[in-house]
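Chain by chain, the residues:
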Amino acid sequence: MSSALKIDFVSDVSCPWCVVGLYGLLEALEILRNEVQAEIRFQPFELNPKMGTDGQNIAEHIQEKYGSTPEQSQKNREAIRARGAELGFAFRTDGNSRIYNTFDAHRLLHWAALEGAQLPLKEALFKAYFSDGGNPSDHRQLVQIAESVGLDRQRAETILASDKFADEVREEEQLWLQRGVSSVPTVVFNGQYAVTGGQPVETFVGAIRQIMAESKGGTVN
């Protein structure tokens, strides 16, 4: 008999390690499909909440924010590309890519959760940005992405043209900041066990088995 597992996946749609973490987690859950019945809820986190509407060149942004040289940024992108390939995800960002504001994407994700389509929308947003070079702050593109996963186009347009779900997203962001989340991805299991970073599949498998054993009062060697 499988055990229920609640997973809060705190992330941003422009975070490459969040992609790696998600696909590692999904592979782990597939391995554990006979042991665990998981419910994933994506929680909002903005890496660049003050980013303007035009975005910023990725290499320039990373140099300003982290002090990385263009060569270091290139090396990091190559490492992320390799990890993505192992998990079946194509990263195609390069030195000409841009960083964008993601708040409206998080508003759509909040709505998608109410419609039971949060995971497919999250995956589509990741693909649109990292594989297709899209702009997650562009309303026209966001509407197309929402429609592509079966969400209502007119409803998506209405939400984006208003402030719908803005307060809810900000409240959720503050909640996770108050709980100590300062980097993403942060994956929280059953509200109390956290795994951070783009971890390998086997790390998630081990962590989940340990959590399930502890919740049952058992141990895992």
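Bear in mind the structure is a predicted one, so any value in this text is a computation, not a measurement.

Q: Kindly report on the environment of Ser-162, identifying the contributing residues and their values.
A: Inspection of the secondary structure assignment puts Ser-162 in the loop between helix 7 (153-160) and helix 8 (166-178). With a relative accessible area of 29%, Ser-162 lands in the partly exposed category. Among the polar contacts listed, one links the side chain of Ser-162 to the backbone oxygen of Thr-158, at a separation of 3.2 Å.

Q: Hey, could you go over helix 9 (residues 201-215) for me, with residue numbers and the actual values?
A: With 15 residues, helix 9 should cover 21 Å at 1.5 Å per step; its first-to-last C-alpha distance of 21 Å lies within 8% of that length. Of all the positions in helix 9, only Val-201, Phe-204, Val-205, Ala-207, Ile-208, Ile-211, Met-212 and Ala-213 are classed as buried. The inward-facing, buried residues of helix 9 contact strand 1 (3-11), helix 1 (16-31), strand 2 (36-44), strand 5 (186-189) and strand 6 (193-196).

Q: Could you give me a rundown of the sheet that holds strand 1, with the residues and numbers involved?
A: One open sheet accounts for 4 strands, arranged 2-1-5-6; its pairing is mixed. Edge positions in the open sheet fall to strand 2 and strand 6, since each of these has one partner strand only. Ignoring which end each strand starts from, the neighbouring axes of this sheet average 20° apart. Here 4 bridges tie strand 1 to strand 5, and the two strands are oriented antiparallel to one another. The residue of strand 5 that forms the bridge with Phe-9 is Val-187.

Q: So what's going on with the packing of helix 1 against helix 5 (residues 118-131)? Which residues, and what values?
A: Where helix 1 meets helix 5, the closest approach of the two axes is 11 Å, and the angle between their N-to-C directions is 140°. As judged from the angle between their axes, helix 1 and helix 5 are oblique. Of the two possible hands of crossing, helix 1 and helix 5 adopt the one that is left-handed. Contacts between helix 1 and helix 5 involve Pro-16, Cys-18, Val-19, Leu-22, Tyr-23 and Leu-26 from the former and Leu-119, Lys-122, Glu-123, Phe-126 and Phe-130 from the latter. Residues belonging to the contact of helix 1 with helix 5 are distributed by class as follows: 9 nonpolar, no polar and 2 charged.

Q: With reference to specific residues and values, describe the pattern of salt bridges.
A: Following the criterion strictly, the structure yields 7 salt bridges and no others. Among the salt bridges present, the one from Arg-33 reaches Glu-30, with a minimum N-O distance of 3.2 Å. Notably, a salt bridge pairs Glu-147 with Arg-153, separated by 2.7 Å at the nearest N-O pair. Residue Arg-153 is classed as partly exposed on the basis of its relative accessible area of 30%.

Q: Before we move on, could you go through helix 3 (residues 70-86) and cite the residues and values that matter?
A: Compared with the 24 Å implied by 1.5 Å per residue over 17 residues, the 25 Å span of helix 3 between its first and last C-alpha is a close match. Restricting attention to buried positions, one finds in helix 3 the residues Ser-73, Arg-77, Ile-80 and Gly-84. Looking down the long axis of helix 3, one finds its buried residues gathered within 65° of arc, a one-sided arrangement. Opposite its buried face, helix 3 presents the exposed residues Glu-71, Lys-75, Ala-85 and Glu-86, each directed more than 90 degrees away. In the core, the buried residues of helix 3 are packed alongside helix 1 and helix 2 (58-66). With its phi angle positive at about 80°, Gly-88 sits one or two positions after the end of helix 3.

About the thresholds
- Residues numbered from 1 in each chain as written.
- Predicted model: local features only at pLDDT ≥ 70, side-chain atom pairs only at ≥ 80, totals over all residues.
- Heavy atoms only, no water.
- Helix = DSSP H or I, 4+ residues; strand = E, 2+ residues; numbered from the N terminus.
- Buried < 20%, exposed > 50% of the residue type's maximum accessible area, 1.4 Å probe, protein only.
- Polar contact = N/O pair within 3.5 Å; in protein donor to acceptor, adjacent residues only side chain to side chain.
- Expected span 1.5 Å × (residues − 1).
- Contact = heavy atoms within 4.5 Å.
- Pairing = 2+ DSSP bridges.
- Axes fitted to C-alpha atoms, helices over the stretch in contact; angles between N-to-C directions.
- Parallel < 35°, antiparallel > 145°, perpendicular 65-115°, else oblique.
- Left-handed = near helix turned anticlockwise from the far one by under 90°.
- Nonpolar A, V, L, I, M, F, W, Y, C, P; charged D, E, K, R; others polar.
- Salt bridge = Lys/Arg side-chain N within 4 Å of Asp/Glu carboxyl O.
- Arc of directions from axis to C-beta.

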